[in-house]
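Breakdown of the fold
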Amino acid sequence: MSRIASCLQALADANKKALVPYIVCGDPSVEATLAAMHAMVGKGASIIELGVPFSDPMAEGPVIQKGHERALVHHVSLRMTLDLVAQFREQDNQTPVVLMGYTNPIERMGYATFADHASEAGVDGVLTVDLPAEEAGDLHRELQRVGIDNIFLLAPTTTGERAQRICAMATGYLYYVSLKGVTGAGHLDIEDVKSKVAEYKQYTDLPFCVGFGIKDADSAKQIASLAEGAVVGSVLVDKMAAVSDSGATAESAVDDVASLLGEMREAIDSL
Amino acid sequence: MSEVEKSTDTTYGEYPDADGHFGIYGGRFVSETLMAAVTELDESYARLKSDPDFLAEFDRDLAHYVGRPSPLYFAERLTQDLGGAQIYLKREDLNHTGAHKVNNTIGQALLAKHSGKKRVIAETGAGQHGVATATVAARMGMECVVYMGEEDVRRQALNVYRMKLLGAEVVSVTSGSRTLKDAMNEAMRDWVTNVDNTFYIIGTVAGPHPYPMLVRDFQCVIGREARRQCLEQTGKLPDALVACVGGGSNAIGLFHPFLEDEGVAIYGVEAGGDGVETGRHAAPLNAGLPGVLHGNRTYLMSDEDGQIIETHSVSAGLDYPGVGPEHSWLRDTGRASYVAVNDDEALAAFRKLTRIEGIMPALESSHAVAYLEKLAPSMSKEQIIVVNLSGRGDKDILTVADIDGIKV
């Protein structure tokens, strides 16, 4: 069983929900990212989604875009992201790590090379934002070859026909995008999320994690009640921004991220 | 059909395939939220493109609003000057709004109308596509938002004001390199957020399927007219076609109706900037590699980490790190050749055409004209070259004056 599957199974057995934080690798530095990963695990993160910096992150709102830009100031690359995961694995061989990024850096490295390196580094899942199921076949085969889960997005606009196709290909978990828009946007319509997740669940037994628009402990709790897990990104990346925006130290930004995550974990566990 | 008009049995017209692929290029590389929108657009376009009423409406607008057909003009003095093949200019600069861009915005605005969308958005670099979009939105009473990189807003102040006069909101984009590619990212973000009521009018033959196909189809009026006019005026097909390539919509519009005419050589001219060898250029087909950006797989300028790199060209309209996927495919199949012309060569062509033909070309189109310096003398006087004069140069006067050190 993959690290992701066993993690989510253990949570389900304990009647708990997954808390999935997202931060951008190298924002503001690779060292800070590593510290944040360990700190988040300490506060109850179940799976870590690590953003791979890209020059043109089309699906991201302004907060996460700036995170990518801050990482790119130091030319943090896909290769360096894989190195970071390997470093994380030296101390943590339990917590699943999912890379979330865009197609071009992976294409440039080559699908097979990427799959091999990711597997060696200890990556558990890959979510490629601009690679829908229709175009994902070649990368999917390479990920399958090395036993890495292929995580797909489902959106409020996904038709039933496509949802079936995506669910048939997906492994690990499904990531339901809770609203139309970019990351960090708008406000959540809980009823809408509820009915959509229920609809898509008929196509798969895989767990669902829901993201986009989770800002605090309350919204994390609400979302977690509708699925197997909640993904939280922009609000964490915003806290990392304090290092460059207001001169905070990386240590204090990591502390802020970890303490917010702790509040979310507490709220979710009260369900 | 006369002998000379008969096509060979190659099948360029059948591409892209149903999923939008030209060989390995094209496709749909967008986030999940947009998949429904591009699929819906594909279905509605498939329905409308064979709807006689829709096509008649498009043709009527092209005739009476744009002023088509545009002339195919024999540039006699330029021909004499270069001392080789006869040069004909396809005068897209004479269209309403001054460039080929309007052919496409008319078509897409009609698609928006038929889809019941009341709000249109667009990205723009030099501002020509933004102006063409704002123009058709004004005419059809649609809300219009144009995304433009902060750097381009500064460089193209006149077009920004023009769009505002037409009633469009111009949003200055401050992310990334603050140019056309970032404007396109921002337009995609708007679209993903307002997908229910908004139609995204993409300005070139790039983006997720069906955009490269439908923009091509709307721009093909250029090549169909040129083919007919050349036969009427000279009794034969041209021996060569030349067009500038940024995203490549004017070029594909001219090239596509000739793809199956094997005797017609095809040249796309990319922006060489300071010189392809310097790395400061916008010539992905000359010096890039296949990759994925803005919804399609195509030749791109990206570094070894896969990050998109900044482009350089005196012409804002060519300053884009990618290119339409059909061009990538035509490059690989060898049907078309892609060359590059540097900034200084394009500027010299701008001045020459202005002085000896009284036609001031856009700096984009000046790249195509500049390539004639190499191509025309290498051909015989009986041979014919058709060049797409894709836009007029009025918008570039301040740029040229600035280079000359003149304050206008």
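Look up a bit, the structure's there.
Residues numbered from 1 in each chain as written. Chains lettered and ligands numbered in written order. Predicted model: local features only at pLDDT ≥ 70, side-chain atom pairs only at ≥ 80, totals over all residues. Heavy atoms only, no water.

What follows is about the sheet that holds strand β13 (residues 295–300) of chain B. Residue and element names in this part refer to chain B. Read from one edge of the open sheet, 4 strands run β1-β2-β13-β12, paired in antiparallel fashion. Every interior strand has two partners, whereas the edge strands, β1 (21–22) and β12 (289–293), have only one. Pairing between strand β2 (residues 25–29) and β13: 2 bridges, direction antiparallel. Bridge pairing links phenylalanine 29 to glycine 295 in β13. (Pairing = 2+ DSSP bridges. Helix = DSSP H or I, 4+ residues; strand = E, 2+ residues; numbered from the N terminus.)

Residue and element names in this part refer to chain B. This model, assessed by the stated rule, comprises 14 aromatic pairs over all chains. Here phenylalanine 74 and tyrosine 88 contribute two aromatic rings whose centre-to-centre distance is 5.0 Å and whose plane-to-plane angle is 35 degrees, an arrangement assigned as tilted. Of this pair, phenylalanine 74 sits in strand β3 (residues 72–74) while tyrosine 88 sits in strand β4 (residues 86–91), and the two are 14 residues apart along the sequence. Residue classification places phenylalanine 74 among the partly exposed positions, given a relative accessible area of 29%. Considering the side-chain rings of tyrosine 267 and tyrosine 371, the 5.6 Å spacing of their centres and the 45 degrees angle between planes classify their relative orientation as tilted. Separated by 104 residues along the polypeptide, tyrosine 267 in strand β10 (residues 265–275) and tyrosine 371 in helix α15 (residues 363–375) bring together distant segments of the chain. Here tyrosine 267 falls in the buried class, since its relative accessible area comes to 19%. Residue tyrosine 371 is classed as buried on the basis of its relative accessible area of 11%. The rings of Tyr12, Tyr15, Phe22 and Trp329 are connected pair by pair, giving a single aromatic cluster. Here the basic side chain of arginine 139 rests over the ring of tyrosine 65, its NZ or CZ set 4.4 Å away from the ring centre. (Phe/Tyr/Trp six-rings, centres within 6.5 Å; stacked < 30°, edge-to-face > 60°. Buried < 20%, exposed > 50% of the residue type's maximum accessible area, 1.4 Å probe, protein only. Lys NZ or Arg CZ within 6 Å of the ring centre and 35° of its normal.)

Among the surface-exposed residues, A:Asp216, A:Asp218, A:Glu263 and A:Glu266 lie close enough to one another that they form a single negatively charged patch. Inspection of the secondary structure assignment puts A:Asp216 in the loop between β8 (208–211) and α10 (217–224). (Patch = residues over 30% accessible without salt bridge, like charges linked within 9 Å, V, L, I, M, F, W, Y side chains within 5 Å. Areas by Shrake-Rupley, 256 points an atom, 1.4 Å probe, with all protein chains shown as cover. Salt bridge = Lys/Arg side-chain N within 4 Å of Asp/Glu carboxyl O. Lys, Arg positive; Asp, Glu negative; His and termini not counted. Charge placed at Lys NZ, Arg CZ, Asp CG, Glu CD.)

Attention now moves to the interface of chain B and chain A. The interface is formed by 36 residues belonging to chain B together with 37 residues belonging to chain A. Joining chain B to chain A, the criterion identifies 3 salt bridges. The interface formed by chain B and chain A holds 21 residue pairs in polar contact (both at pLDDT 80 or more) in total. Going through the elements one at a time, β2, α1 (32–48), α8 (180–193), β12 and β13 of chain B are the ones with two or more residues in the side of chain B that touches chain A. Considering every element that reaches the side of chain B that touches chain A, the biggest residue donor is α8(B), with 8 residues. (Contact = heavy atoms within 4.5 Å. Polar contact = N/O pair within 3.5 Å; in protein donor to acceptor, adjacent residues only side chain to side chain.)

Here we come to the packing of helix α4 (residues 78–89) of chain A against helix α6 (residues 111–121) of chain A. Residues and elements named next belong to chain A. Where α4 meets α6, the closest approach of the two axes is 8 Å, and the angle between their N-to-C directions is 25 degrees. The pairing of α4 with α6 is recorded here as roughly parallel in orientation. Across from Leu78, Arg79, Leu82, Val85, Ala86 and Arg89 in α4, the residues of α6 making contact are Phe114, His117, Ala118 and Ala121. Looking at the contact of α4 with α6 residue by residue, the class counts come to 7 nonpolar, 1 polar and 2 charged. (Axes fitted to C-alpha atoms, helices over the stretch in contact; angles between N-to-C directions. Parallel < 35°, antiparallel > 145°, perpendicular 65-115°, else oblique. Nonpolar A, V, L, I, M, F, W, Y, C, P; charged D, E, K, R; others polar.)

Turning next to helix α13 (residues 325–333) of chain B. By the burial criterion, the buried members of α13(B) are B:Pro325, B:Glu326, B:His327, B:Ser328, B:Trp329 and B:Leu330. Remark: B:Gly334 follows α13(B) within two positions and exhibits a positive phi of approximately 85 degrees.

Turning next to the packing of helix α2 (residues 30–42) of chain A against α4(A). Residues and elements named next belong to chain A. With their axes 10 Å apart at the nearest point, α2 and α4 run at an angle of 40 degrees to one another. In terms of orientation, α2 lies oblique with respect to α4. Once α2 is placed against α4, the crossing between them reads as right-handed. Note on element contacts: α4 touches α2 through Met80, Leu84, Gln87 and Phe88, opposite Val30, Thr33, Leu34, Met37, His38 and Val41. Class assignment for the residues of the contact of α2 with α4 results in 7 nonpolar, 3 polar and no charged. (Left-handed = near helix turned anticlockwise from the far one by under 90°.)

Residues and elements named next belong to chain B. Within this structure, the stated rule accounts for 43 salt bridges over all chains. Residue glutamate 57 pairs with lysine 113 through a salt bridge whose shortest N-O separation is 2.6 Å. Separated by 56 residues along the polypeptide, glutamate 57 in helix α2 (residues 52–66) and lysine 113 in helix α4 (residues 101–114) bring together distant segments of the chain. Here glutamate 57 falls in the buried class, since its relative accessible area comes to 16%. Several salt bridges converge on common partners, so that one network encompasses Arg68, Lys90, Glu92 and Glu225.

Residues and elements named next belong to chain A. Here strand β9 (residues 229–232) shows a buried face lined by Gly229 and Val231 and a second buried face lined by Ala230 and Val232. Where strand β1 (residues 18–24) lies against β9, 4 bridges are found, and the strand directions are parallel. Paired with valine 20 across the bridge in β9 is valine 231. The sheet contact formed by β8 and β9 spans 2 bridges and is parallel.

Turning to unusual backbone geometry, a few remarks are in order. Residue B:Pro16 is bonded to the preceding B:Tyr15 through a cis peptide linkage, with omega at 5 degrees. Mapped onto the elements of the fold, B:Pro16 is located in the segment before β1. The phi torsion at A:His75 lies on the positive side, around 55 degrees, for a residue other than glycine. Counting through the fold element by element, A:His75 comes out in the loop between α3 (62–73) and α4. Positive phi values are uncommon outside glycine, yet B:His294 reaches one of about 55 degrees. The topology assignment puts B:His294 in the loop between β12 and β13. On the basis of relative accessible area, B:His294 is assigned to the buried category, the value being 0%.

Adjacent strands of a sheet pair through backbone hydrogen bonds, lying either parallel or antiparallel. Residue and element names in this part refer to chain B. One open sheet accounts for 4 strands, arranged β7-β6-β5-β8; its pairing is parallel. Across the chains shown, the open sheet's two edge strands, defined by having one partner strand only, are β7 (169–173) and β8 (198–200). Taken over all neighbouring pairs, the strand axes of this sheet differ in orientation by 25 degrees on average, direction set aside. Judged from the 3 bridges that link them, strand β5 (residues 119–124) and β8 form a sheet pairing that is parallel. When the sheet's bridge partners are listed, valine 120 is paired in β8 with phenylalanine 199.

All names here are of chain B. Across the 6 residues that make up β5, a large majority, 6, are buried. Side chains of β5 alternate between two faces, with Arg119, Ile121 and Glu123 and Val120, Ala122 and Thr124 buried alike. Direction of pairing for β5 relative to strand β6 (residues 143–149): parallel, over a ladder of 6 bridges. The residue bridging isoleucine 121 from the neighbouring strand is valine 145, located in β6. Regarding topology, helix α5 (residues 128–140) serves as the crossover connection from β5 to the parallel β6, and that connection is right-handed. (Right-handed = clockwise from strand over helix to strand, strands pointing away.)

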